[in-house]
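For reference, the chains in residue letters:
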Amino acid sequence: MTFRRACAVTDLPGPGALRAEIDGVPVAVVRDTDGRLHAIGGLCSHAEVWLTEGELEGSLLECPHHGSQFDLNTGVPQNLPAVVPVPVYPLTVEGQDVLVDVTGSTDVTGSTEAPEGSDTPAIPQAPARTSGTPGAPVKEG
Ligand code: FES
């Protein structure tokens, strides 16, 4: 896993989405209405417009172009016209930094396990304010 800084926790609207690009990969960093942080593919799978411009409803982020809503926990679109999930990336918080691993996208079941036979190291032991799972609650102190 290779976590890279996406933004500061304080950069994130609450709730809302922020556009980031990590190693050339477009990422939407999102604080949902419950205060949980997520990192998903930044571009809609239907026509590649930024999802960060869309409306947030609970843990669903709506594409601003045609209205497909993507589940922030699975990346799966909940309605047409999009039918292909967007990636969901592991996210962690260190201090005030939001870190995302764009090499570790999960499948649509939300699994963060490395594929069998992969040499990907296990998720490191997390400090108290850190989570390696999508949708982790974040308490700001
Ligand atoms: S561009 Fe997102 S649903 Fe069409």
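Residues numbered from 1 in each chain as written. Predicted model: local features only at pLDDT ≥ 70, side-chain atom pairs only at ≥ 80, totals over all residues.

1. Observations regarding the sheet that holds strand S9 (residues 97–100)
Neighbouring strands of a sheet are bound in pairs by backbone hydrogen bonds; such pairs are parallel or else antiparallel.
Reasoning step 1: Across the sheet, 3 strands lie side by side as S1-S9-S8; this open sheet has antiparallel pairing. Every other strand in the sheet has two partners, leaving strand S1 (4–8) and strand S8 (91–94) as the edge strands with one partner each. Averaged over neighbouring strand pairs, the angle between their axes works out to 35° when direction is ignored. (Pairing = 2+ DSSP bridges. Helix = DSSP H or I, 4+ residues; strand = E, 2+ residues; numbered from the N terminus. Axes fitted to C-alpha atoms, helices over the stretch in contact; angles between N-to-C directions.)

2. Examining the environment of Ala39
Reasoning step 1: Relative to the helices and strands, Ala39 resides in strand S4 (residues 36–41).
Reasoning step 2: For the pair Ala39 and Val102, spaced 63 residues apart in sequence, the C-alpha separation works out to 9.0 Å.
Reasoning step 3: Here Ala39 is in contact with Ala6, Val27, Val29, Tyr89, Leu91 and Val100, once residues within four sequence places are set aside. (Contact = placed C-beta atoms within 7 Å.)

3. Examining the sheet that holds strand S5 (residues 56–57)
Reasoning step 1: Ordered in space as S5-S6-S7, the 3 strands form an open sheet in which the pairing is antiparallel. Because the sheet does not close on itself, it has two edges, and the strands there are S5 and strand S7 (69–71).
Reasoning step 2: Note that strand S6 (residues 60–62) and S7 share 3 bridges and pair antiparallel. For Glu62, the partnering residue across the bridge sits in S7 and is Gln69.

4. Points about the environment of Val9
Reasoning step 1: Structurally, Val9 is set in the loop between S1 and strand S2 (16–22).
Reasoning step 2: For the pair Val9 and Arg31, spaced 22 residues apart in sequence, the C-alpha to C-alpha distance is 9.3 Å.

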